[in-house]
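Next come the chains, spelled out residue by residue.
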Amino acid sequence: MASIRIHHLYKRYGKDKHAVVKDFHMDIEDKEFIVFVGPSGCGKSTTLRMIAGLEDITEGELYIGDRLVNHVPPKERDISMVFQNYALYPNMTVFENIAFGLRMAKKPRHEIDQAVKNAARILEIDSFLNRKPRQLSGGQRQRVALGRAIVRNPKLFLMDEPLSNLDAKLRVAMRMEIGKLHRNLETTFIYVTHDQVEAMTMADRIVVMKDGVIQQIDTPERIYGAPRNTFVAGFIGSPQINLLHGRILENKPGTLEFHTSRFALPIHEAHAAALRKHRQVGRGVILGLRPEHIGLEALFSDTVLAGSHRFSELMGADRYLYADVGQDSLLIARVDPSVLYRENEPVRLGVDMMKAHYFYPESGERIAE
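Here the structure is a predicted model, which is why all the values come from computation and not from measurement.

Okay, the overall build of the chain next. For the chain, the helix and strand inventory stands at nine helices and 20 strands. Counting only contacts in the chain whose residues sit at least 6 apart along the sequence, the fraction spanning at least 24 positions is 65%. Carbon and sulfur atoms make up 48% of the accessible area of the chain, which totals about 18,200 Å². One way to put it: in the chain the 50 positive side-chain charges average out to a point 5 Å from where the 46 negative ones average out.

Below, the structure is given as structure tokens:
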């Protein structure tokens, strides 16, 4: 098993030395499940490939355990990698695909047989060992790819968007399988995805990336509940957070309000203390409100916004209502699915200001409490 130390990694390409990964720095504990998440092109897969040894490190140091592995070939890093496209050999059976790496390592036949059967049992594919990949479903093929990684008993598992080719139902099932696999194997996992649901449901810690730069490293609870900046706040959460521009004004001695040209919202005393501390009274801020903290007036009757209904989305147990309250973008509120409004019909929305987030407008950074 292994801890990972990643110290100030850079990856640059081309004559202009354009950096696609910039100063990536973190320590990963033994047996942790770490998820790299971010939009396409943010550098998460490139970082994973540097850890795997499939990309050269331009600058920085990478340790697996106590060993510096910057120039160690992939096959000597004691890792297993699972890719998006499964990479199974179509002319081989499931057994032969899983056993391939062990056979290349010239392991004894009885050891290979035992390792493959154990992996197949863990992944519940032991009845498919004599089939070819074309005879399997997408989820079964992904389990075979996982089985091929398991049998090597590596220090470190690396997974690069392994579920992106599966349908929604299979993705849920495979998330559960990979989580169970991590618990059973008790080894370190690093998992790359652009899907924030995968990140939130699987990770011990999440690494949010943008343009090759780490935006925040934290637990799923902290990433969601205390995003470090507006990018993290907007990327994590579905539907995404409402971000409103306004100013902090003192309504009467001892009380603050968030003001726009159309409305004012009272600021909870805990947030008011932080805004005073950071000298934001009279200045512009960005207010973040998640849709679940906005509802109909009866739910949060102390703080009410008037607007007009534009459209809504039914999501089974919830309905997401989009209302025009005078900002550049529509405000999203979570309401009961039975609630129906006509287009442009007036709506009155209540806001839970205790759950509000405040950010500096210039940098987008969170105003610390």
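Our next topic: the side chain of arginine 175. One can find arginine 175 in helix α5 (residues 168-185). Buried arginine 175, no salt bridge; nearest opposite-charge side chain is aspartate 195, N-O distance 5.2 Å. A polar contact is formed between the side chain of arginine 175 and the side chain of threonine 201, at a distance of 3.3 Å.

Within the fold, alanine 2 resides in the segment before β1 (4-13). For alanine 2, a relative accessible area of 3% corresponds to the buried category. Discounting residues that sit within four places of it in the chain, alanine 2 has contacts with Glu29, Asp30, Lys31, Ile64, Gly65, Lys155 and Thr188.

A separate point is unusual backbone geometry. Serine 238 connects to proline 239 through a cis peptide bond whose omega is -5°. Note on placement: proline 239 falls in the loop between α8 (230-235) and β11 (242-252). At histidine 8, a position not held by glycine, the phi torsion is positive, near 55°. Here histidine 8 shows up in strand β1. For arginine 279, which is not glycine, the phi torsion reads 55° and is therefore positive. Mapped onto the secondary structure, arginine 279 falls in the loop between α9 (269-277) and β14 (284-289).

Turning our eyes to something else, we now look at the pairing of strand β17 (residues 319-324). Among the six residues of β17, five are classified as buried, and the element is accordingly described as predominantly covered. With six bridges connecting them, strand β16 (residues 304-314) and β17 associate as antiparallel partners. When the sheet's bridge partners are listed, serine 312 is paired in β17 with leucine 321. Here five bridges tie β17 to strand β18 (residues 331-335), and the two strands are oriented antiparallel to one another.

Attention now moves to the side chain of threonine 260. Mapped onto the fold, threonine 260 is located in the loop between β12 (255-259) and β13 (264-266). On the accessibility criterion, threonine 260 (17% relative accessible area) is buried. A distance of 3.1 Å separates the side chain of threonine 260 from the backbone nitrogen of arginine 262, its partner in a polar contact. Threonine 260 has contacts with His245, Gly246 and Gln327, leaving out every residue within four places of it along the chain.

Applying the stated rule across the entire model yields one cavity of 30 Å³ or more. Considered as a void within the structure, the largest cavity measures approximately 30 Å³ in volume. In terms of residues, the lining of the largest cavity owes the most to one element, α9, which gives three residues. Its residues assigned to classes, the lining of the largest cavity shows four nonpolar, one polar and one charged.

Moving on: the sheet that holds strand β15 (residues 294-296). The strand order across the open sheet built from five strands is β15-β19-β16-β17-β18, with neighbouring strands paired in antiparallel fashion. Each edge of the open sheet carries a strand with a single partner, namely β15 and β18. For this sheet, the mean inter-axis angle between neighbouring strands, taken without regard to orientation, is 50°.

Ordered by their spatial adjacency, four strands build an open sheet running β2-β1-β4-β5, and the pairing between neighbours is antiparallel. Taken across any chain shown, the strands that pair with only one partner, and hence form the sheet edges, are β2 (18-28) and β5 (67-68). Pairing geometry for β1 and β2, over seven bridges, is antiparallel. Residue pairing across strands places arginine 5 opposite aspartate 27, the latter belonging to β2. Running over the sheet, helix α1 (residues 44-52) touches β1, β2 and β4 (59-64) and is turned about 115° from β1.

This part covers the packing of aromatic side chains. As enumerated under the stated definition, the model contains seven aromatic pairs in all. Between tyrosine 89 and phenylalanine 100, the ring centres sit 4.8 Å apart and the planes meet at 45°, which makes this aromatic pair tilted. Linking tyrosine 89 in the loop between β6 (79-82) and α2 (94-104) with phenylalanine 100 in helix α2, this pair joins segments that are 11 residues apart in sequence. Exposure remark for phenylalanine 100: the relative accessible area of 27% places this residue in the partly exposed category. Among the aromatic residues, ring-to-ring pairing joins Phe33, Phe157, Phe189 and Tyr191 into one connected group. When the ring centre of tyrosine 63 is taken as reference, the NZ or CZ atom of arginine 5 above it lies at 4.2 Å.

Attention now moves to α2. When we look at burial in α2, the residues that qualify are Val94, Phe95, Asn97, Ile98, Ala99 and Leu102. Check the buried side of α2 and you find it contacts α3 (109-123) and α4 (138-150).

Thresholds, definitions, all that
- Residues numbered from 1 in each chain as written.
- Predicted model: local features only at pLDDT ≥ 70, side-chain atom pairs only at ≥ 80, totals over all residues.
- Heavy atoms only, no water.
- Helix = DSSP H or I, 4+ residues; strand = E, 2+ residues; numbered from the N terminus.
- Contact = heavy atoms within 4.5 Å.
- Areas by Shrake-Rupley, 256 points an atom, 1.4 Å probe, with all protein chains shown as cover.
- Lys, Arg positive; Asp, Glu negative; His and termini not counted.
- Charge placed at Lys NZ, Arg CZ, Asp CG, Glu CD.
- Buried < 20%, exposed > 50% of the residue type's maximum accessible area, 1.4 Å probe, protein only.
- Salt bridge = Lys/Arg side-chain N within 4 Å of Asp/Glu carboxyl O.
- Polar contact = N/O pair within 3.5 Å; in protein donor to acceptor, adjacent residues only side chain to side chain.
- Pairing = 2+ DSSP bridges.
- 1 Å grid on protein atoms, 1.4 Å probe; cavity = no way out; pocket = protein on both sides within 12 Å on 5 of 7 lines; lining within 4 Å.
- Points joined across faces, edges and corners; volume = space filled by probe spheres on them.
- Nonpolar A, V, L, I, M, F, W, Y, C, P; charged D, E, K, R; others polar.
- Axes fitted to C-alpha atoms, helices over the stretch in contact; angles between N-to-C directions.
- Phe/Tyr/Trp six-rings, centres within 6.5 Å; stacked < 30°, edge-to-face > 60°.
- Lys NZ or Arg CZ within 6 Å of the ring centre and 35° of its normal.

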